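A closer look at the structure
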Amino acid sequence: QVQLVESGGGLVQAGGSLRLSCAASGRTFSSYTMGWFRQAPGKEREFVGRIRSGGSTYYSDSVKGRFTISRDNAKNTLYLQMNSLKPEDTAVYYCAAGTSPNLNRQYDCDYWGQGTQVTVSS
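Position labels on residues start from 1 in each chain and follow its written sequence. Selection of residues for local features in this predicted model requires a pLDDT of at least 70, selection of side-chain atom pairs for listing and counting requires 80 or more, and totals for whole chains, interfaces and linings are taken over all residues. No hydrogens and no water enter the side-chain calculation; it runs on all heavy atoms of the structure.

Turning our eyes to something else, we now look at the overall build of the chain. When you go through the chain residue by residue, the secondary structure sums to zero helices and 11 strands. In the chain, the succession of α and β elements from N to C terminus is β-β-β-β-β-β-β-β-β-β-β. The size measure is the radius of gyration over C-alpha atoms, and the globule rule it meets is 2.2 Å times the number of residues to the 0.38 power. Computed over the C-alpha atoms, the radius of gyration of the chain is 13 Å, within 12% of the 14 Å expected from 2.2 N^0.38 for a compact globule of 122 residues. Its C-alpha atoms give the chain principal-axis dimensions of roughly 40 × 25 × 25 Å. Three labels apply to residues, based on accessible area from a 1.4 Å probe with only protein chains included: buried if under 20% of the type maximum, exposed if over 50%, partly exposed otherwise in between. Within the chain, the proportion of its 122 residues that are buried is 46%. The contact definition used throughout considers only heavy atoms, calling two residues in contact when any of these lie within 4.5 Å. For the chain, contacts bridging at least 24 residues in sequence account for 57% of all contacts bridging at least 6. His is not counted here, nor are the chain ends, while Lys and Arg score as positive and Asp and Glu score as negative. Lysine's charge is taken at NZ, arginine's at CZ, aspartate's at CG and glutamate's at CD. Charged side chains of the chain number 13 positive and 9 negative; the gap between the two group centres comes to 5 Å. Going along the chain from the N terminus, every DSSP run of H or I of four or more residues is numbered as a helix, and every run of E of two or more is numbered as a strand.

Next up, the structure:
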């Protein structure tokens, strides 16, 4: 069992930056592929990016070059550094954990956090 708790969301102006964190419980955090998803009002939850247990990353085209995912296995923590934020990045951001190395869909994920709101003003 893995419990995930996101933090770091807030209100930021377009062009600004935020760093989200996701604290995980459990001893097996390092073995999971970790992902970030987001859900804007009236839209389906969408994949943002993932990081494998070995550290390799993959991003959606909409955030590539602006967002960076990292993990600190010693601290059981996942991060999402978001730069050059745009109003269309406004959403609730969720971290998720799964065993698939190619995690990029909701059903690839076994565990979810409760989400943290990110609002980007224009």
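Moving on, there is more to tell.
This paragraph deals with the sheet that holds strand β8 (residues 77-82). One open sheet holds the four strands; their spatial order is β1-β3-β8-β7, and the pairing between them is antiparallel. For this open sheet the edge positions go to β1 (4-7) and β7 (67-72), each flanked by a neighbour on one side alone. Ignoring which end each strand starts from, the neighbouring axes of this sheet average 15° apart. A pair of strands is labelled paired if DSSP reports no fewer than 2 bridges between them. Here β1 pairs with strand β3 (residues 18-24) via four bridges, running antiparallel. Pairing of E6 across the sheet is with C22, part of β3. Working convention: axes come from line fits to C-alpha atoms, limited for helices to the stretch in contact. Angles between N-to-C directions cover 0 to 180 degrees.

A few words on the environment of D108. With respect to the helices and strands, D108 occurs in the loop between β9 (91-98) and β10 (111-112). Since its relative accessible area comes to 11%, D108 is described here as buried. For D108 and G35, which are 73 residues apart along the polypeptide, the C-alpha to C-alpha distance reads 9.7 Å. When residues no more than four places from it in sequence are discounted, the contact partners of D108 are G98, T99, N102 and L103.

Each aromatic ring pair is characterised by the separation of its centres together with the angle its planes make. Aromatic contacts are taken between Phe, Tyr and Trp rings whose centres are within 6.5 Å, Trp giving its six-membered ring; a plane angle under 30 degrees counts as stacked, one over 60 as edge-to-face, and the others as tilted. Within the structure shown, the criterion is met by five aromatic pairs. Ring centres 6.0 Å apart and planes at 85° place the aromatic pair Y32 and Y111 in the edge-to-face group. Taken together, the positions of Y32 in the loop between β3 and β4 (33-39) and Y111 in strand β10 put the pair 79 residues apart, joining distant regions of the chain. Among the residues examined, Y32 registers a relative accessible area of 12% and is labelled buried. Each residue in the set F37, F47, Y58, Y94 and W112 is aromatic and connected to the rest through ring pairs, giving one cluster. Whether a charge sits over a ring depends on NZ of Lys or CZ of Arg being within 6 Å of the ring centre and within 35 degrees of the ring normal. Its guanidinium or amino end placed over the ring of Y94, R45 lies 3.7 Å from that ring's centre, counting from NZ or CZ. The ring of W112 has R45 sitting right over it, with the charged end atom 4.8 Å from the ring centre.

Among the secondary structure elements, F47 is positioned in strand β5 (residues 46-51). You can call F47 buried: its relative accessible area is 14%. With 75 residues separating them in the primary sequence, F47 and S122 have C-alpha atoms 23 Å apart. When near neighbours in sequence (up to four residues on either side) are disregarded, F47 contacts W36, F37, Y58, Y59, S60, L103 and N104.

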